[in-house]
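Observations on the three-dimensional arrangement
What follows is each chain in one-letter form.
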Amino acid sequence: MKFSIAVGETDKHLVEFNFNQLRGTLVIRVDEQPIFQSTRIFNEPVHEVYSFVVNGREKSEVRIEQRRKPLFGHHDTVFVNNRLTEVFDRYF
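The shown structure was predicted, so the numbers you read here are calculated from the model rather than taken from an experiment.

Time to look at the sheet that holds strand S2 (residues 13–20). As summarised here, the arrangement of the four strands in space is S1-S2-S3-S4, forming an open sheet in which the pairing is antiparallel. Pairing within the sheet leaves two strands with one partner each, and these edge strands are strand S1 (2–7) and strand S4 (33–39). For this sheet the average axis-to-axis angle between neighbouring strands, irrespective of direction, equals 10°. Inspection of the sheet shows S2 paired to strand S3 (residues 25–30) by six bridges, in the antiparallel sense.

Okay, here's the thing in structure tokens:
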């Protein structure tokens, strides 16, 4: 699953989320700079939460909740400043 969202009202930042379930890799980038990387081949959790703050002229708190579906697929929910921003749902 791969998606990107723009964060900020006046000071825009690009948050990119790239998760490959088959390879077990996860990368979260802000303005093309990786802030979180992970590789997990087995034992993927059912529910994970990634929280971070995007700094700039205005501060934005981002939370990405990833819920694994049975077998293959994910349900990802993105919150910016504790407000629901995007929902991504994917089956393979």
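Turning our attention to the pattern of salt bridges. Pairs may arise between side chains of opposite charge once their charged atoms sit close together. A complete count under the given rule lists four salt bridges for this structure. Notably, a salt bridge pairs Glu48 with Arg40, separated by 3.3 Å at the nearest N-O pair. By relative accessible area, Glu48 is classed as buried at 16%. Its salt-bridge partner being Asp89, residue Lys69 comes within 2.4 Å of it at the nearest N-O pair. Here Asp89 lies in strand S8 (residues 83–90) and Lys69 lies in the loop between strand S6 (60–68) and strand S7 (74–80), a separation of 20 residues in the sequence.

On to the nonpolar core. With 17 residues, the main nonpolar core has Val15, Phe17, Phe52, Val62 and Ile64 as its most contacted residues. Not counting residues within four places of it along the chain, the set of residues in contact with Phe52 comprises Val15, Ile28, Val30, Ile35, Ser60, Glu61, Val62 and Ile64.

So, on to the sheet that holds strand S5 (residues 47–54). Overall, antiparallel pairing links the four strands, which are arranged S5-S6-S7-S8 in an open sheet. Two strands in the sheet have a free side with no partner beyond their single neighbour: S5 and S8. With direction set aside, neighbouring strand axes in the sheet form an average angle of 15°. Sheet analysis places S7 next to S8, joined by seven bridges and oriented antiparallel. Bridge pairing in S8 places Val78 opposite Glu86.

What counts, and where the lines are drawn
Residues numbered from 1 in each chain as written. Predicted model: local features only at pLDDT ≥ 70, side-chain atom pairs only at ≥ 80, totals over all residues. Heavy atoms only, no water. Pairing = 2+ DSSP bridges. Helix = DSSP H or I, 4+ residues; strand = E, 2+ residues; numbered from the N terminus. Axes fitted to C-alpha atoms, helices over the stretch in contact; angles between N-to-C directions. Salt bridge = Lys/Arg side-chain N within 4 Å of Asp/Glu carboxyl O. Buried < 20%, exposed > 50% of the residue type's maximum accessible area, 1.4 Å probe, protein only. Core = buried A, V, L, I, M, F, W, Y, C linked by side-chain atoms within 4.5 Å. Contact = heavy atoms within 4.5 Å.

Coordinates in, geometry out; function isn't part of it.
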